[in-house]
Amino acid sequence: LSTYALALDGSKKPCRVRTSNAGHCLYAGIVGPDRARRVGETLLHPDSFSGWGVRTVAAGQPRYNPLSYHNGSIWPHDNSLIASGLAKYECKDLAGRILLGLLDASRWADLGRLPELFCGLDRSRGEGPTLYPVACSPQAWASGAVFLLVQACLGASVQGARNRILFDRPYLPEGIPQLWIKGLRSGNASVDLFFERRNDAVRVEVTDQQGDIEVVPA
């Protein structure tokens, strides 16, 4: 399968179905380093990645239905966990593809707000994603997905007790050459940051600072 089986059936045999659940194995850190890239590439294969995001169930698999709630639809929060897992295994290029797909999807959503889920139909030029009629919007998981996606690609972490904000090998996909973050807080201090992609590296610049706070690297 080039991924992890979804479950065991009643006879303890693997259910050989390609689903997004394998991305949660990456997020949890239980995937061997020698398998992580392979799992990630399977999740980003066209059968699983619609162009907008990773489907819950890959196209062509049993029970696949891109218009269903769980069997082929795309959930932003699910995708953010996958992206975060990929980043942990130094697959930020794959995480960046998920970030770009959901960013593009948000441009078709009301107020630019990611919904709870949307349908898993293939992306078509000039057309937005097919919305799921009763998806909640706003929805807490979908709102939180935005922050986890950005955190994953930038390798961001906050050491609150030391008032430090760290960026471990920050990455921006080609579709996002520049990024601004304003009012990022640690304790009573805050910073405004500017990120710029330069070839294979990302430059981090502090544009404003309030209080005692350290940004690494900057």
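In case you missed it, the structure is sitting above this.
Summarised in this report is the structure supplied together with it. (Residues numbered from 1 in each chain as written. Predicted model: local features only at pLDDT ≥ 70, side-chain atom pairs only at ≥ 80, totals over all residues. Heavy atoms only, no water.)

Thoughts on the overall build of the protein chain
Short version of the rule: For helices the rule is a DSSP run of H or I covering at least 4 residues; for strands it is a run of E covering at least 2, with both sets numbered from the N terminus onward. C-alpha atoms define the radius of gyration, and 2.2 Å times the number of residues to the power 0.38 defines the globule rule.
The number of helices and strands found in the protein chain is 5 helices and 6 strands. Reading the protein chain from its N terminus to its C terminus gives the helix and strand order α-α-α-α-α-β-β-β-β-β-β. The C-alpha atoms of the protein chain give 18 Å as radius of gyration, which agrees with the globular expectation for 218 residues (17 Å, within 12%). A principal-axis box enclosing the C-alpha atoms of the protein chain has dimensions of 60 × 40 × 30 Å.

Quick word on the side chain of Ser 20
To keep things clear, this is the line we draw: Only heavy atoms matter for contacts: two residues are in contact if any of them lie within 4.5 Å across the pair.
When you line up the elements, Ser 20 lands in the segment before helix H1 (22-28). Other than its neighbours up to four places away in sequence, Ser 20 contacts Leu 43, Val 54, Arg 55, Thr 56, Asp 78 and Ile 82.

Quick notes on the pairing of strand E1 (residues 156-159)
In summary, the side chains of a regular strand alternate between the two faces of the sheet. What counts is decided by this rule: Here, any two strands with at least 2 DSSP bridges between them count as paired.
Pairing of E1 with strand E2 (residues 164-167) involves 4 bridges; the strand directions are antiparallel. In the sheet register, Gln 159 faces E2, and the bridge partner there is Arg 164. Counted between consecutive antiparallel strands, the loop separating E1 from E2 contains 4 residues, among which Asn 163 sits at a positive phi close to 50 degrees.

Points about the pattern of salt bridges
Defined as follows: Within this document, salt bridges are pairs made up of a side-chain nitrogen of Lys or Arg and a carboxyl oxygen of Asp or Glu, the two lying within 4 Å of each other. Buried, partly exposed and exposed residues are distinguished by accessible area as a fraction of the type maximum, computed with a 1.4 Å probe on protein chains only: under 20%, between the cut-offs, and over 50%, respectively.
All told, the structure shown has 11 salt bridges when counted by the stated rule. The partner of Asp 122 in a salt bridge is Arg 55, with the nearest N and O atoms 2.4 Å apart. Of the two residues, Asp 122 is situated in the loop between helix H4 (92-106) and helix H5 (140-154) and Arg 55 in the loop between helix H2 (33-43) and helix H3 (76-88); the sequence distance between them amounts to 67 residues. On the basis of relative accessible area, Asp 122 is assigned to the exposed category, the value being 53%. Within the structure, one salt-bridge network assembled from shared partners comprises Glu 196, Arg 198, Arg 203 and Glu 205.

Brief notes about the sheet that holds strand E6 (residues 214-216)
Note the following rule: Under this scheme, a helix contributes an axis fitted over its contacting stretch, all axes are lines through C-alpha atoms, and angles between N-to-C directions fall in the 0 to 180 degree range.
Strand order in the open sheet made by the 3 strands is E1-E2-E6, with mixed pairing throughout. At either end of the open sheet lies a strand with only one pairing partner, and these are E1 and E6. Going from strand to strand, the sheet's axes swing by 15 degrees on average, the running direction of each strand aside.

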